[in-house]
Amino acid sequence: MADEQVVRDRDVLQRSGAPAPAGKYAWPEKPALLSTPIKRLDGPDKVTGRARYTYDINRPGMIYGKVVRSPYPHARVVSVDLAAAQRAPGVKAALVYREPGTQVMYQGDPVAAVAADTEERARDAARLVRVRYEPLPHLANVEQAMAADAPQVFPNGNVRAGARDETGDLAAGFANAAHTVDQTYSTHVITHVCLETHGCVCEWDGEKLTAWISTQAVIQSAQQFAQALGIPQSNVHCITQYMGGGFGSKFGPDAQGIICAKLAKQANAPVKLMLDRKEEHLDTGNRPSATAHIRAGVSSDGTLTAFEADSWGTGGAGAASGFPLPYIYNFPNRKRIHKDVYINAGLQRAMRAPGHPQGCFLTEILMDELADHVQMDPVAFRLRNLPPAGPNAMWAQYFRDGATRFGWDKRHATGDPAPGPIKTGMGVSAHRWGGAGRGSHAHVDILSDGSAVVKCGTQDIGTGTRTIVAIVAAETFGLPISGVKVEIGDSTLPFSGGSGGSTTAASVTPAIRVACTDALDALFAKVAPTLGVQPADLVADGGRIHVKSNASKGVSWKDACKLLGTEPIEVDGQWQDGLSGAGTSGVQFAEASVDIETGIVRVTRILAMQDCGLIVDKLTAESQAYGGVIAAINFALFEDRILDRVTGQMVNPNMEWYLLAGMSDVPTIDIVLNNMPERGVIGIGEPPTVSTASAIANAVRNATGATIRSLPLHPHKVLAAIEQVRAGGTN
Amino acid sequence: MKSAGVTSIATAVTSVAVPDAGAQIGPAVLGPGDVPVALTVNGKRVDLKIEPRVTLLDALRTRADLTGNKRVCDRGTCGACTMIVDGRTVYACSTLAIEAQGKEIRTVEGLSSGNALHRVQQAFCDVDALMCGFCTPGFVVATVAVLEKHPNATREQISKGLDGNICRCGTFVRIMEAALKAQGVARG
């Protein structure tokens, strides 16, 4: 959340949306490659299985680590006996991670670990570790934690006061309201479900550690290994050439990484320790829940007047659960009090647009309820209550253009009047995100054989970072993509940040642009005398360096590089303001059909209107938007971390009962990306996943006439809401 | 749904539990120690000595360094491990290696020849039907299997053939595009 706060501050600072002038580094007005669809560079490696992920690293003499975890949601560790495990076949190392006397705070909290020569034997040995626990009272859900007679499980209380926000005159706001809505809205906990589980391969050479690690922060992982192990950071080398998904949960080695390094040291052999699917659900983060009891007022002309909310959520055993509320729309008089509630469950981590899908859902369902009170169309109602438009606040345009494109005029009023059990409806929702750039370094080598090598200590989380680095370098050098070699995913490369907050593209591409421009200037300085011109007269395009005013007067890139002789051009660059922007806005429309006899919801169409500054690669940018929408369909309809209310144990720690969409669940998705080159590069990984679930829930409401105020929209809830309406309730 | 080799697992577990192998009626007991296993993978013979409980996926990934197919759910749900065995797709994470002996096993590594991609692989690259890429080998193999079975597959047939695979990045729209595109190439 801290990251997101920074992003939001920046967002406010740069409300104008226009970056500072970038001088000679400015993005080209007529790019050859930027904003065009360019195929992912590592596509062939990924589709053939040649790409080596951390999970695929096999080292000579490598053995396998396995973590022993608490089965209890809350217990005191009385004793840990490794003896039987150490005698088991093939076991090479064993360690106690949680000393006797300490407490485990959630199911899956690590306690001990073993390493053996095969994975099967490591699992056998892990079962032989004898841990004695003294079970302690636990809290399996928010209701238990907030109950008046709840045991105090957390030293400073189960509930912690969070953010408090008050603006305007609430009493006056409600006095001006013609209608008020007073309801409770909530979203659930989901886990990241990275397909490549968290883990690493650790190999020591004396006091030096090499760690192949599945991370979205390769340099920060090296820092954390060094800190935890008490060795110099220069002794740690982290490598992440490919990684199978992170979504905010993979910013460091975590407990399993440190355990892996210690097992490798003890066994004097490389150790691979990849979590299994159950561990991944229990101990690698989740999106916190969010609940708000909201009272909101609207005047008879459809203007929002007041908003009062008590909100809470749980991020597990001691982590916060903040989210923005109200979201987007102008409530001139508002008050919000938030509480973080702790329960005995795995700790939350940032998850794709942390906080925003929750705040969006809580606000957007309310908006449709308010719109019905004043009998306004949901789009018209939102248009009336938007904040001022700006380059990063384009909602009004997206609502209008999107409504036309989606066929919003065919939307019926709340409740599909069609006969039969299948009801259809449409919904709409808006979102925002930061996505600003920040410090990132890059290094460029131009060699005398014409090679151009670009180096940056970033990593490709799957968004296509490797490819956009190549695009920016090739664009700057006037070369084809194949003329550039990219090195990323290694902690020894020039500093770059973690891939989080949609900041990667906006951080990395300016650094590459600056370094490449300076390197090109150095090459121009070599070429200019041979052509009898000034360096400033030269340009690079089409694989040549030539005089601006006379394209035939020049040399090929290769011949230009020959002039370098034995001394290559080596240039460092870093991110600077002017090439990236901050703040994105988007609007999504959803169409859904609901079988009112079974409660099953099917999403049939989604339209996503989205801005993202200067598009670097049209193909991979669109893929991110598709991916965000589909992730949110999962959030809306399928996935749910279910904890047993008695035992505090997760009942679906697998991929069979933790539901995710398959091909047949995916609707027609229409992506409209608004390319805004004048704003510079802005990240797009997170924003498209924010508002989809809210739009779907509003479509279900429009279809059925029943309001489901909590996610996920599982059939039993849909049926219950419909039944309540039929019974004449106040749904 | 893909075959998950459930019967094989049950057989193996029962066999290990039989105390006196000599008195047993039925197939000989294998294990619990290492046993020789001969597999035919992508047309090549692979000889291994492994415990009978080792899955086809783990045998190839950890003993034969064929790491293209991935382990994700490890319980026959997500399809990242999809291989084609005797012409049928299977979840290799839930198939025992010993049960795959004498069968033709095709993994993602067997689809391309040298630098020439299989048309399905090429289509995945062309339309960006992948992001992090961890589910991709399973989807590629499953798509190949669908199109081999239904050279003129409808959208519905492709959907059904790929419903046993899960992608977390959300590449489904473009996987469908890729499957249709690869099929187009096949027709042409």
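Residues numbered from 1 in each chain as written. Chains lettered and ligands numbered in written order. Predicted model: local features only at pLDDT ≥ 70, side-chain atom pairs only at ≥ 80, totals over all residues.

Describing the environment of Ser-580 of chain A
Residue and element names in this part refer to chain A.
(1) Moving on: With respect to the helices, strands and loops of the structure, Ser-580 is situated in the loop between strand 25 (569-574) and strand 26 (584-595).
(2) Moving on: Residue classification places Ser-580 among the buried residues on the basis of 31 C-beta atoms within 10 Å.
(3) Moving on: When the C-alpha positions of Ser-580 and Thr-503 are compared, they lie 9.7 Å apart, and in sequence the two are 77 residues distant. (Helix = DSSP H or I, 4+ residues; strand = E, 2+ residues; numbered from the N terminus. Buried ≥ 20, exposed ≤ 12 C-beta atoms within 10 Å, placed from the backbone.)

Quick look at the packing of helix 4 (residues 136-149) of chain B against helix 5 (residues 155-162) of chain B
Residues and elements named next belong to chain B.
(1) Moving on: Close contact between helix 4 and helix 5 brings their axes to 9 Å; oriented N to C, the two are set at 135 degrees. As summarised for this structure, helix 4 and helix 5 are arranged oblique, according to the angle between their axes. Crossing geometry of helix 4 relative to helix 5 is assigned as right-handed. Contacts between helix 4 and helix 5 involve Phe-139, Ala-142, Thr-143, Ala-145 and Val-146 from the former and Gln-157, Ile-158, Gly-161 and Leu-162 from the latter.
(2) Moving on: In the contact of helix 4 with helix 5, the residues fall into 6 nonpolar, 3 polar and no charged. (Axes fitted to C-alpha atoms, helices over the stretch in contact; angles between N-to-C directions. Parallel < 35°, antiparallel > 145°, perpendicular 65-115°, else oblique. Left-handed = near helix turned anticlockwise from the far one by under 90°. Contact = placed C-beta atoms within 7 Å. Nonpolar A, V, L, I, M, F, W, Y, C, P; charged D, E, K, R; others polar.)

Description of the domain arrangement of chain A
Residues and elements named next belong to chain A.
(1) Moving on: In terms of domains, chain A is made up of domain 1 (286-435 + 581-726) and domain 2 (437-454 + 461-574).
(2) Moving on: Computed from C-alpha atoms alone, the centre-to-centre distance between domain 1 and domain 2 is 41 Å.
(3) Moving on: With 15 residues of domain 1 in contact, the opposing surface of domain 2 contributes 15 residues.
(4) Moving on: Residues belonging to the side of domain 1 that touches domain 2 are distributed by class as follows: 7 nonpolar, 6 polar and 2 charged. (Domains from an automatic or database assignment.)

A look at the interface of chain A and chain B
(1) Moving on: With 47 residues of chain A in contact, the opposing surface of chain B contributes 48 residues.
(2) Moving on: Those elements that place two or more of their residues in the side of chain A that touches chain B are helix 2 (43-48), helix 4 (119-128) and helix 16 (618-638) of chain A.
(3) Moving on: At 9 residues, the largest contribution of residues to the side of chain A that touches chain B is made by helix 16 of chain A.
(4) Moving on: Considering only residue class, the side of chain A that touches chain B consists of 21 nonpolar, 15 polar and 11 charged.

Some remarks on the sheet that holds strand 5 (residues 104-106) of chain B
Residue and element names in this part refer to chain B.
(1) Moving on: Taken in spatial order, the 5 strands make up an open sheet running 2-1-5-3-4, and their pairing is mixed. Across the chains shown, the open sheet's two edge strands, defined by having one partner strand only, are strand 2 (44-50) and strand 4 (88-91). Averaged over all adjacent pairs, the angle separating strand axes in this sheet is 40 degrees, with direction ignored.
(2) Moving on: Two elements, strand 1 (residues 35-41) and strand 2, share 7 bridges in a ladder whose sense is antiparallel. Residue pairing in the sheet places Pro-36 in a bridge with Lys-49 of strand 2.
(3) Moving on: Against the sheet, helix 2 (residues 56-63) makes contact with strand 1, strand 2 and strand 3 (82-85), and its axis sits at roughly 95 degrees relative to strand 2, the strand it touches most.
(4) Moving on: Running at roughly 35 degrees to strand 3, helix 4 makes contact with strand 3 and strand 4 of the sheet. (Pairing = 2+ DSSP bridges.)

Quick notes on the domain arrangement of chain B
All names here are of chain B.
(1) Moving on: In terms of domains, chain B is made up of domain 1 (6-22 + 30-110) and domain 2 (119-187).
(2) Moving on: Listed by partner, the interface residues are 13 residues for domain 1 and 11 residues for domain 2.
(3) Moving on: Ranked by the residues each element gives to the side of domain 1 that touches domain 2, the list is headed by strand 3, at 3 residues.

Comments concerning the pairing of strand 15 (residues 290-298) of chain A
Residue and element names in this part refer to chain A.
(1) Moving on: Counting buried positions over the 9 residues of strand 15 gives 7, a clear majority of the element.
(2) Moving on: Bridge count between strand 8 (residues 179-187) and strand 15: 9 bridges; the pairing is antiparallel. Opposite Asp-182, over in strand 15, you have Arg-295 as the bridge partner.
(3) Moving on: Where strand 15 and strand 16 (residues 304-314) come together, 8 bridges link them in antiparallel fashion. Across the sheet, residue Ile-294 finds its bridge partner in strand 16, namely Ala-309.
(4) Moving on: Linking strand 15 back to strand 16 in an antiparallel pair, the connection comprises 5 residues, with Gly-302 at a positive phi of about 90 degrees.

What about the packing of helix 10 (residues 356-373) of chain A against helix 17 (residues 692-704) of chain A?
Residues and elements named next belong to chain A.
(1) Moving on: At a minimum axis distance of 8 Å, the contact between helix 10 and helix 17 shows a crossing angle of 25 degrees. The angle between helix 10 and helix 17 places the two elements in the roughly parallel class. By crossing handedness, the relation of helix 10 to helix 17 is classed as right-handed. Across the interface between the two elements, Pro-357, Cys-360, Phe-361, Glu-364, Ile-365 and Asp-368 from helix 10 touch Ala-693, Ser-694, Ala-697, Asn-698 and Arg-701 from helix 17.

Looking at unusual backbone geometry
Leaving glycine out, the prevailing phi sign among residues is negative, and the prevailing peptide bond configuration is trans.
(1) Moving on: Between Leu-325 of chain A and Pro-326 of chain A the backbone carries a cis peptide bond, its omega angle lying at -10 degrees.
(2) Moving on: Here Pro-326 of chain A is to be found in the loop between strand 16 and strand 17 (333-341).
(3) Moving on: A cis geometry characterises the amide bond from Leu-711 of chain A onward to Pro-712 of chain A, with omega recorded as -5 degrees.
(4) Moving on: One non-glycine residue, Phe-247 of chain A, adopts positive backbone phi at about 60 degrees.
(5) Moving on: Relative to the assigned elements, Phe-247 of chain A resides in the loop between strand 12 (236-239) and helix 8 (254-267).
(6) Moving on: Overall, the presence of 28 C-beta atoms within 10 Å leaves Phe-247 of chain A in the buried class.
(7) Moving on: Not every positive phi belongs to a glycine, and Asp-74 of chain B is a case in point at roughly 60 degrees.
(8) Moving on: On the basis of neighbour counts, which here come to 21 C-beta atoms within 10 Å, the residue Asp-74 of chain B falls in the buried class.

A word on the sheet that holds strand 22 (residues 538-541) of chain A
Residues and elements named next belong to chain A.
(1) Moving on: Spatially, 22-23-24 is the arrangement adopted by the 3 strands of the open sheet, whose pairing is antiparallel. In the strand order of this sheet, the two ends are held by strand 22 and strand 24 (550-556), each with one partner. Pairwise comparison of adjacent strand axes, ignoring direction, gives a mean angle of 35 degrees for this sheet.
(2) Moving on: The sheet contact formed by strand 22 and strand 23 (residues 544-547) spans 4 bridges and is antiparallel. Residue pairing across strands places Val-539 opposite His-546, the latter belonging to strand 23.

Some thoughts on the nonpolar core
(1) Moving on: Val-114, Val-271, Val-469, Ala-473, Ile-512 and Val-700 of chain A are the most contacted members of the largest nonpolar core, which totals 287 residues.
(2) Moving on: Apart from residues lying up to four places away in sequence, Val-271 of chain A is in contact with Ile-63, Tyr-64, Gly-65, Ala-115, Cys-202, Cys-260, Leu-263 and Ala-264 of chain A. (Core = buried A, V, L, I, M, F, W, Y, C linked by C-beta atoms within 7 Å.)

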